[in-house]
Amino acid sequence: MKAYRLLAWQQAPQLLDIPVPEPGPGQVRLKVAGNGICQSDLHLIHEWTASPPHIKVELPMTIGHEVGGWIDKEGPGVSGFEQGQAAVITIAGCGHCRYCAQGWNQYCMHKSKQVGMGLDGGLAEYVVAPANAVVPVGNMDPADAAPLTDAGLSSYHAVKRVLPLLTGGATVAIIGVGGLGHMAIQEIKTMSAARIIAYDTNEISLALAAELGADLCLKSEDPHFEAGSADVVLDFVGAGPTIKAAARMIRPRGHIVVVGRGGGSVDFTHKFMPYGATLSTTFGGSKLELMELISLVEAGHIKPHTSRYALDDVELALGKLAKGEIIGRAVIVP
Ligand SMILES: [Zn+2]
Ligand SMILES: [Zn+2]
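Caption draft 1: Molecular detail of the overall build of the protein. Assigned secondary structure in the protein consists of 9 helices and 18 strands. Taking 334 residues into account, the globule formula puts the C-alpha radius of gyration at 20 Å, and the protein, at 19 Å, falls close to it. With respect to the three principal axes, the spread of C-alpha positions in the protein is 55 × 40 × 35 Å. Residues counted as buried form 54% of the 334 residues belonging to the protein. As displayed, the protein offers around 14,400 Å² of accessible surface, 54% of which is attributable to carbon and sulfur atoms. Here the protein carries 26 positive and 32 negative side-chain charges, and the mean point of each set is 6 Å from the other.

Shown next as C-alpha cells:
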C-alpha cells in the first residue's frame, strides 16, 4: 500500500510502498477513507528535530492523525465492530488513570503513542489503531468525518470549556478561521446566543466565517483588536501577537483559550490581563465530546468545510496549508 512516511527528522517525507499492516492484540485495522491535514503535521515535518521525550516517537513513521475509514479487520481479543462500519480514530488514553477515569482520555497521565504520533498514521491506504481509539460515525461519510477528530474536536473541547460564559449578550472573539476556527463558529452558533467576532489574515477565510454566521469579520490587524471587547477569546493561532491581542480584548472575568500551537510566548504579570480573567490551553478533546460532536453533525447543525486531495497530491496540499491557502480543512483521500 501507499503511505506518506517520515524517515528521519528534518527530512522531506516520502510516499512509499509498504506492506498492509496487520492488527495486533487490542487493535483494529481501518481502510482509510480520508485523513485531514493539520498545522501539527507541518510542525512535525519542518520543526521537530527529535521526539518529545514523553511519547518516544520512532522513525520511520507514517504521518496523519485525523483519520476516518471503514473497519477492515479486528485484531485478537477485539470485538464489537462490524466489517465495513464507518469510524474515526481519536486519542486513546490508558483507561485506568485518574484522567481516563474522569473521561479526559486526551489528558491521560500515561502519555502514549497515538495514530500519526508514534504509531503509523492515516496518510496511507490502511491504518491500524488501538480499539479504544476507534469511534463509529453512523451514516456519515468517514472522509467527511475525519476532520471531526481534531479540527472539530479540539475546537469543540475549547468551546465546551467556556460555554458557561457564552450567555446571551456575551461576545466571543475567534482568532484564526482555519480548520479549527471555522468549526468553532458553527459550534458556538449551535450551542449559544453569543455574538461572534472572527479574525483572520485571509479574506476568503473571513468570507467563510461570515457565511457560517460570524457577526463581525475583521482582518487580524492591530487596530481591530479592540480593548475590552470580548468575554471569551479562542486563539487558534497561539503566536505571541495573537495571545497579546487576546489579553487586550478580554474583559474582566473573561476566558482566553489558547488552542493553536503557534509557539508564542508572553511575559505574564499580574497586569497581563484584566482582573479575574483566565488564560488556559487545551489539547484535543475527550472521546465523549467527540461522540457529542458527531451527534451535532448528524443532526445537521455543524458541517466541516473540506476540500479533497489525492494521496499523490499530499505535498501540494501540505504546501498550500503552509501558505495559508487551505480554506477550512484539506482531506487527503487515498
Ligand atoms: Zn492536528
Ligand atoms: Zn490514562
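Following the structure, the description resumes.
Caption draft 2: View of the coordination of the zinc ion (ligand 1). Donor atoms from the polypeptide that bind the zinc ion (ligand 1) are Cys38 (SG), His65 (NE2) and Asp150 (OD), placed at 1.8 to 2.2 Å. When the donor residues of the zinc ion (ligand 1) are listed from N- to C-terminus, their spacing reads C-x26-H-x84-D. Of the two residues, Cys38 sits in the loop between β3 (27–36) and α1 (39–47) while Asp150 sits in the loop between α3 (142–145) and α4 (151–162), which places them 112 residues apart along the sequence. Looking at Cys38, the relative accessible area reads 5%, which means it is buried.

Caption draft 3: Summary view of the pattern of salt bridges. For the structure on display, the rule yields 13 salt bridges. Ionic pairing is found between Asp120 and Arg5, a salt bridge with its closest N-O pair at 3.2 Å. Residue Asp120 is found in the loop between β8 (118–119) and β9 (126–130), and its partner Arg5 is found in strand β1 (residues 2–6); the two are separated by 115 residues along the sequence. Assessed through its relative accessible area of 36%, Asp120 is described here as partly exposed. The salt bridge involving Asp72 is made with Arg29; its shortest N-O contact spans 2.7 Å. Linking Asp72 in strand β5 (residues 67–74) with Arg29 in strand β3, this pair joins segments that are 43 residues apart in sequence. The network of salt bridges with shared partners includes Glu22, Arg29, Asp72 and Lys73.

Caption draft 4: Quick peek at the packing of α4 against helix α5 (residues 179–191). Between α4 and α5, the shortest axis-to-axis distance is 8 Å and the interhelical angle comes to 45°. Judged by the angle between their axes, α4 and α5 are oblique. Handedness of the crossing formed by α4 with α5: right-handed. For the pair formed by α4 and α5, the contact residues are Ala151, Gly152, Ser154, Ser155, Tyr156, Val159 and Lys160 on the first element and Gly179, Leu180, Met183, Ala184, Glu187, Ile188 and Met191 on the second. Classifying every residue of the contact of α4 with α5 gives 8 nonpolar, 4 polar and 2 charged.

About the thresholds
- Residues numbered from 1 in each chain as written.
- Chains lettered and ligands numbered in written order.
- Predicted model: local features only at pLDDT ≥ 70, side-chain atom pairs only at ≥ 80, totals over all residues.
- Heavy atoms only, no water.
- Helix = DSSP H or I, 4+ residues; strand = E, 2+ residues; numbered from the N terminus.
- Rg over C-alpha atoms; globule rule 2.2 N^0.38 Å.
- Buried < 20%, exposed > 50% of the residue type's maximum accessible area, 1.4 Å probe, protein only.
- Areas by Shrake-Rupley, 256 points an atom, 1.4 Å probe, with all protein chains shown as cover.
- Lys, Arg positive; Asp, Glu negative; His and termini not counted.
- Charge placed at Lys NZ, Arg CZ, Asp CG, Glu CD.
- Donors = N, O, S within 2.8 Å, 3.2 Å for Na, K, Ca; no water.
- Salt bridge = Lys/Arg side-chain N within 4 Å of Asp/Glu carboxyl O.
- Axes fitted to C-alpha atoms, helices over the stretch in contact; angles between N-to-C directions.
- Parallel < 35°, antiparallel > 145°, perpendicular 65-115°, else oblique.
- Left-handed = near helix turned anticlockwise from the far one by under 90°.
- Contact = heavy atoms within 4.5 Å.
- Nonpolar A, V, L, I, M, F, W, Y, C, P; charged D, E, K, R; others polar.

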